[in-house]
Amino acid sequence: MEILKIAMLALLAVALITLVKSYKPEFGIYVVIACSILILYFMIDSLKYAVAYVSGLYEKLEYGKGYFPIIIKVLVIAYVTEFTSQLCKDAGETSIGAKVELAGKVIIFCVAIPVFVSIISLVEELL
């Protein structure tokens, strides 16, 4: 189970950070970054199954195939934004993390504009 590997890695990283902070506090962020990268690496295998499942769903769709890639892009942008923002906050850079969140929201809005336009067109047709 991947979650056990990730949990053990996280606990090891927390112990290492506690140990490192007593000698060199500035090195704690490097442990956080390394741990985060390793967690992402462990998640890649699980993501392969998710991508295969979503690809199967996409093939079965008859309607709305144009919106499916938009939804996937929005999800990816949201996850990357959240991960990066949390990493910035862990490093003590809360303001940079907040800017990353804002940028993610703006990019999501821009990517989702075709969906908004389609909804507005549908409402106009109904009226």
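Residue numbers run consecutively from 1 along every chain, following the written order of its sequence. Given that this is a predicted model, residues contribute local features only at a pLDDT of at least 70 and side-chain atom pairs are listed and counted only at 80 or more, while totals for whole chains, interfaces and linings are drawn from all residues. To get the side-chain values, take all heavy atoms of the structure and skip hydrogens and water.

The name recorded for the protein in an unreviewed UniProt entry is Stage III sporulation protein AD, from Anaerotruncus colihominis.

A. Summary view of helix 2 (residues 28-60). A run of DSSP states H or I qualifies as a helix once it reaches four residues; a run of E qualifies as a strand once it reaches two. Both are numbered from the N-terminal end. Under the convention used throughout, the expected extent of a helix is 1.5 Å for every residue step, that is, one less than its residue count. Spanning 33 residues, helix 2 covers 47 Å between terminal C-alpha atoms, matching the ideal 48 Å at 1.5 Å per step. When the local axis directions of helix 2 are compared, the greatest deviation, roughly 35°, occurs at Asp-45. Here the bend at a residue means the angle between the axes of two seven-residue stretches, the one that ends at it and the one that starts at it.

B. The domain arrangement of the protein, seen in detail. Annotation of the protein at the domain level lists domain 1 (1-43) and domain 2 (61-126). Where a domain begins and ends is set by an automatic assignment or by a domain database. Computed from C-alpha coordinates alone, the two centres of domain 1 and domain 2 are separated by 28 Å. Contacts between domain 1 and domain 2 engage 5 residues on the former and 4 residues on the latter. Throughout, buried area stands for the accessible area (probe radius 1.4 Å) lost by two parts on being put together, summed over both. For the domain 1 and domain 2 pair, buried surface summed over both sides reaches about 360 Å², with 91% attributable to carbon and sulfur atoms. Just to be clear on terms, a salt bridge is a Lys or Arg side-chain nitrogen sitting within 4 Å of an Asp or Glu carboxyl oxygen. Our count for the domain 1 to domain 2 interface comes out at 0 salt bridges. Two N or O atoms form a polar contact when they lie within 3.5 Å of each other; inside protein one atom must be a possible hydrogen donor and the other a possible acceptor, and for residues adjacent in sequence the pair counts only when both atoms belong to side chains. At the boundary of domain 1 with domain 2, the tally comes to 0 residue pairs in polar contact (both at pLDDT 80 or more). Three classes are used: nonpolar for Ala, Val, Leu, Ile, Met, Phe, Trp, Tyr, Cys and Pro, charged for Asp, Glu, Lys and Arg, and polar for all others, with Gly counted as polar. Class assignment of the residues belonging to the side of domain 1 that touches domain 2 gives a composition of 4 nonpolar, 1 polar and no charged. Whether two residues are in contact is decided by their heavy atoms, any of which lying within 4.5 Å being enough.

C. Structural context of the nonpolar core. With 8 residues, the main nonpolar core is built from Ile-6, Leu-9, Ala-13, Ile-17, Val-31, Val-32, Cys-35 and Ile-39. Going through the elements one at a time, helix 1 (2-23) and helix 2 are the ones with two or more residues in this core. Aside from chain neighbours lying at most four places away, what touches Leu-9 is Cys-35, Leu-38, Ile-39 and Phe-42. In this text, buried Ala, Val, Leu, Ile, Met, Phe, Trp, Tyr and Cys residues form a nonpolar core when linked through side-chain atoms within 4.5 Å. Buried means the residue's accessible area, taken with a 1.4 Å probe over protein chains only, is under 20% of the maximum for its type, while exposed means over 50%, and partly exposed covers the values in between.

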